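# Coordinates in review
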Amino acid sequence: MKENMLVMNKKNFLSAVCIAVSFAAVTTACGDGKTRSTGLEFSPNMYDAIAYNPDQPNNNFKNGSTAQTPPANTTPVGFDKFGADYANTPADYERAGAELVNPLPVTKENLAKGEHLYLVNCAVCHGKDGKGDGSITKDREVTDSRGTRKLENFPNPPAYLRSVAANSSRGGAMADLSAGKIYHTIFYGLNTMGSHASQLNNDERWEVVMYVQELQKK
Amino acid sequence: MRNISSVLGRLAKSISISLVLLFAVTMTSNAQDAKEGAALFKSNCSSCHKIDKKMTGPALAGMSERHSEEWLVKWIKNSGALIAAGDETAIRVFEEYNKVAMPAFTQFSDDQIKSIITYVKDEEAKAAAAPAAGAAGGAEKSEANSFMIIGMAAILILAIGVIFILSRITKTLEKVIANNQAAIDAAQVRNEAYEESGKVKFAQKFLKNKKLVGFTALMVVAFLAVLGWNTMWHVGVHQGYQPVQPIKFSHQVHAGVNQIECQYCHGGAFKSKNASIPSANVCMNCHNTITASDHYDGETSPELLKLYRAVDWDPDTRTYGDNQRPIQWIRIHNLPDFAYFNHSQHVSVSGIECQTCHGPVETMEEVYQYSPLTMKWCIECHQTREVNTDNKYYDKLIEAHEKLKKGEKLTAAMIGGLECGKCHY
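Keep in mind the model is a prediction, meaning the values are calculated, not measured.

Turning our attention to the overall build of chain B. Looking only at helices and strands, one finds 17 helices and two strands in chain B. Excluding contacts between residues fewer than 6 apart, the proportion of contacts in chain B whose partners are at least 24 apart in sequence is 64%.

The helix and strand tally for chain A stands at nine helices and two strands. Along chain A, helices (α) and strands (β) appear in the sequence α-α-α-α-α-α-α-β-β-α-α when read from the amino end. The buried share among the 218 residues of chain A stands at 25%. Contacts in chain A between residues far apart in sequence, at least 24 positions, make up 54% of those at least 6 positions apart.

Moving on to the packing of helix 5 (residues 90-99) of chain A against helix 8 (residues 179-188) of chain A. All names here are of chain A. The geometry of helix 5 relative to helix 8 is characterised by a closest axis approach of 6 Å and an angle of 135 degrees between their N-to-C directions. Classed by the angle they form, the pair helix 5 and helix 8 counts as oblique. Taken as a pair, helix 5 and helix 8 cross one another with a handedness that is right-handed. Contacts from Tyr93, Ala96, Gly97, Ala98 and Glu99 in helix 5 reach Gly180, Lys181, Tyr183 and His184 in helix 8.

Take helix 8 of chain A next. Residues and elements named next belong to chain A. Of all ten residues making up helix 8, eight are buried, and the element is well covered by its neighbours. Taken as a whole, helix 8 has its buried residues at Gly180, Lys181, Ile182, Tyr183, His184, Thr185, Ile186 and Tyr188. Looking one or two residues past helix 8, glycine 189 carries a phi angle of roughly 80 degrees, positive in sign.

This part is about the pairing of strand 1 (residues 140-144) of chain A. All names here are of chain A. Examined bridge by bridge, strand 1 and strand 2 (residues 147-151) share five bridges and lie antiparallel to one another. If you follow glutamate 141 over to strand 2, its bridge partner there is lysine 150. Where strand 1 folds back on strand 2, the antiparallel hairpin that results is connected by two residues.

What follows deals with the confidence of the model for chain B. Low pLDDT marks stretches whose predicted atomic positions should not be read closely. Residues and elements named next belong to chain B. Per-residue confidence for chain B averages 81 on the pLDDT scale, and 86% of its residues sit at or above 70. Below pLDDT 50 for its whole length, residues 21-29 participates in four contacts with residues either more than four positions away or in separate chains. Here residues 133-144 is modelled with pLDDT under 50, and outside its nearest four sequence neighbours on either side it reaches 14 contacts, counting other chains as well. Taken together, the chains of this predicted complex give a pTM of 0.69 and an interface ipTM of 0.83.

Before going further, it helps to spend a moment on the interface of chain B and chain A. Across the boundary between the two partners, chain B contributes 59 residues, which contact 56 residues of chain A. Elements supplying a minimum of two residues to the side of chain B that touches chain A: helix 8 (210-233), helix 9 (251-257), helix 10 (262-265) and helix 11 (280-287) of chain B. Of all the elements, helix 8 of chain B adds the most residues to the side of chain B that touches chain A, at twelve residues.

Once that is clear, we can look at the environment of leucine 335 of chain B. Residues and elements named next belong to chain B. Checked against the element boundaries, leucine 335 lands in the loop between strand 2 (319-320) and helix 13 (343-349). Put simply, leucine 335 and valine 237 are 98 residues apart on the chain and 9.6 Å apart in space, counted from C-alpha to C-alpha. In contact with leucine 335, not counting residues within four places along its chain, are Phe341 and Leu373.

The end-to-end C-alpha distance of helix 6 (residues 108-121) of chain A is 20 Å, a good match for the 20 Å that 14 residues give at a rise of 1.5 Å each. Buried residues of helix 6 of chain A: Gly114, Leu117, Tyr118 and Asn121 of chain A, and no others. Around the axis of helix 6 of chain A, the buried residues are gathered within 105 degrees of arc, so they sit on the same side. Relative to its buried face, helix 6 of chain A has exposed residues pointing more than 90 degrees away, namely Lys108, Glu109 and Ala112 of chain A. Taken together, the buried residues of helix 6 of chain A touch helix 7 (123-126) and helix 9 (202-216) of chain A together with helix 10 of chain B.

Below, the discussion takes up the environment of valine 120 of chain B. All names here are of chain B. Note that valine 120 resides in helix 6 (residues 110-179). Taking the C-alpha atoms as reference points, valine 120 and leucine 60, 60 residues apart in sequence, are found 7.1 Å from one another. Ignoring anything within four residues of it in the chain, the contact list for valine 120 reads Ile51, Leu60 and Met63.

All right, on to the nonpolar core then. Ranked by internal contacts, the top residues of the largest apolar core, which has 39 residues, are Tyr118, Tyr183, Val208, Val209 and Val212 of chain A. Broken down by secondary-structure element, the contributors of at least two residues to this core are helix 5, helix 6, helix 7, helix 8 and helix 9 of chain A together with helix 10, helix 11 and helix 12 (302-311) of chain B. No other element matches helix 9 of chain A, which puts seven residues into this core. Aside from chain neighbours lying at most four places away, what touches tyrosine 183 of chain A is Ala96, Leu100, Arg205, Trp206 and Val209 of chain A. Within the second largest apolar cluster, 14 residues are counted, among which are Ala34, Cys45, Ile51 and Ile116 of chain B.

Turning our eyes to something else, we now look at unusual backbone geometry. A positive phi angle, near 55 degrees, is found at asparagine 191 of chain A, a position not held by glycine. Inspection of the secondary structure assignment puts asparagine 191 of chain A in the loop between helix 8 and helix 9. With phi around 55 degrees, arginine 318 of chain B is a residue other than glycine that occupies positive phi space. Along the chain, the position of arginine 318 of chain B falls in the loop between strand 1 (313-314) and strand 2.

Attention now moves to the packing of helix 11 of chain B against helix 12 of chain B. Residues and elements named next belong to chain B. Contact geometry for helix 11 and helix 12: axes closest at 10 Å, N-to-C directions at 125 degrees. Between helix 11 and helix 12, the angle falls in the class oblique. Judged by the sense of rotation from one axis to the other, the crossing of helix 11 with helix 12 is left-handed. Judged by residue contacts, Ala280, Asn281, Cys283, Met284 and His287 of helix 11 engage Leu304, Leu307, Ala310 and Val311 from helix 12. Class assignment for the residues of the contact of helix 11 with helix 12 results in seven nonpolar, two polar and no charged.

The rules behind each value
Residues numbered from 1 in each chain as written. Chains lettered and ligands numbered in written order. Predicted model: local features only at pLDDT ≥ 70, side-chain atom pairs only at ≥ 80, totals over all residues. Helix = DSSP H or I, 4+ residues; strand = E, 2+ residues; numbered from the N terminus. Contact = placed C-beta atoms within 7 Å. Buried ≥ 20, exposed ≤ 12 C-beta atoms within 10 Å, placed from the backbone. Axes fitted to C-alpha atoms, helices over the stretch in contact; angles between N-to-C directions. Parallel < 35°, antiparallel > 145°, perpendicular 65-115°, else oblique. Left-handed = near helix turned anticlockwise from the far one by under 90°. Pairing = 2+ DSSP bridges. pLDDT = per-residue confidence, 0-100. Expected span 1.5 Å × (residues − 1). Arc of directions from axis to C-beta. Core = buried A, V, L, I, M, F, W, Y, C linked by C-beta atoms within 7 Å. Nonpolar A, V, L, I, M, F, W, Y, C, P; charged D, E, K, R; others polar.

In structure tokens, the structure reads:
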């Protein structure tokens, strides 16, 4: 047998190896490269530290999550006490509207920040120009594994622009809303709009208010 | 059977046609009003009211039966005044909807308000006509069903016929076998012996052919080697990882079709180390209204019910309970804890698009890890990427260098030596 193997032509042997390797490479490369498993791990203790990540489950807390809500009546650094000063009531909405002024100076920089935050957080419903015609209020269609279907339209919010002259559900024209009223609405939400307090911090909310007040002038 | 269903179908069709005609007649008489009403409804009412579903305000279907037109006009013009005047119905509606005040529409004329009411009535009638049309469709379907039943009966009869013929054939064959038993037995023995020797012969032939044996062994070795090589290279690399998530959330729908910015939900990406998974209240910003019920026969989508359970939301009263349970999303991109990566540094400072690392997420119905997230992959990008120096960090750095050049004193504190995190991290 050994002799026979040695007798085997070198060229033939090489081509046999080539065929074998390419066949193996092709068969092992089957599939679209997506997998339900994370595969093999080498020394996992080095990859996953003992310390908890914020989004990890955690049995040390009653609700089983690592990220906890701050205790009541505490103000975390960088947060604000608007929620303690003004409640989510029509009366406090009016009061915020009368008492609060935008603490940030109207500068090009602040307006640019406000525009960016507005485009990210508000434009999807309120529209890029504040006309209340954002992308999810329009007719749209998706084609995926469940076939082609229409998606539900989100109701149009009223436009801010003076030229459109829409009314606020709490009275008055949208174009006349004061800074405090807009801030109150971002903080608590109103009607179908949810609270955006967790997505924008104090300064960011005032930057958005500043930009919305620019839109009101149009 | 076919007769009955077709008669029923015809009946349902004629009823639905007459209904549609009836509505068409009523609609044409009010067409002008309804058209004006539709425009007014869309621009003034639709952000709080739907015809068939409760939103911020009540569902409007049936409002003309619940209230007189006179009352409705008064209410729409100035609901606040009606409540203040002590109107009982007005106060009851106000209390029922968590005392959410409906804005006054004093700018509307009585005719304009009446046109809105006409529009709502028309829409109601259309919604009522839809199930009738559906019934007609159903009758057509049952017609198709009876056709199928006839077809199946024909196939059944055919099958029984075939079975009968086959059984006759087997009976005759059995008779033939019984007549020639001895000859058949002898033939069978010969046949078995031949087959056995054939198998052995084949194996012997294969083993004798050393080239073939060598090649087969080589194939097996090469296959295992390539498989092993690939496995080793992918230890700890999760590229292509696509776990099944607890809720079938489609990025294709949300980021692609709806054009919601990545940072609307992953708001940490531009201001913190983590891009952050949105808490469920962010989902509820839209899904307090959007229930996808169009695709589930008017019921809320089962995937959205999972979300409602997580935040303990009651769609009927539109309030939250306090039995919240976090959604346990499965993490896809997981850097080992010994590697530091900061999202804000890449997104805000460098201005890198999310898709550069995460791939075309806006087309992914089910998200998978696009990049390998290996050290080689990081380094390959860092070797060519030009730094964006237009920020305060580099301003300070250049300032410090200028000071050094001039020979001024520069303490550790002046270059951030007093930051807590320099020692306590």
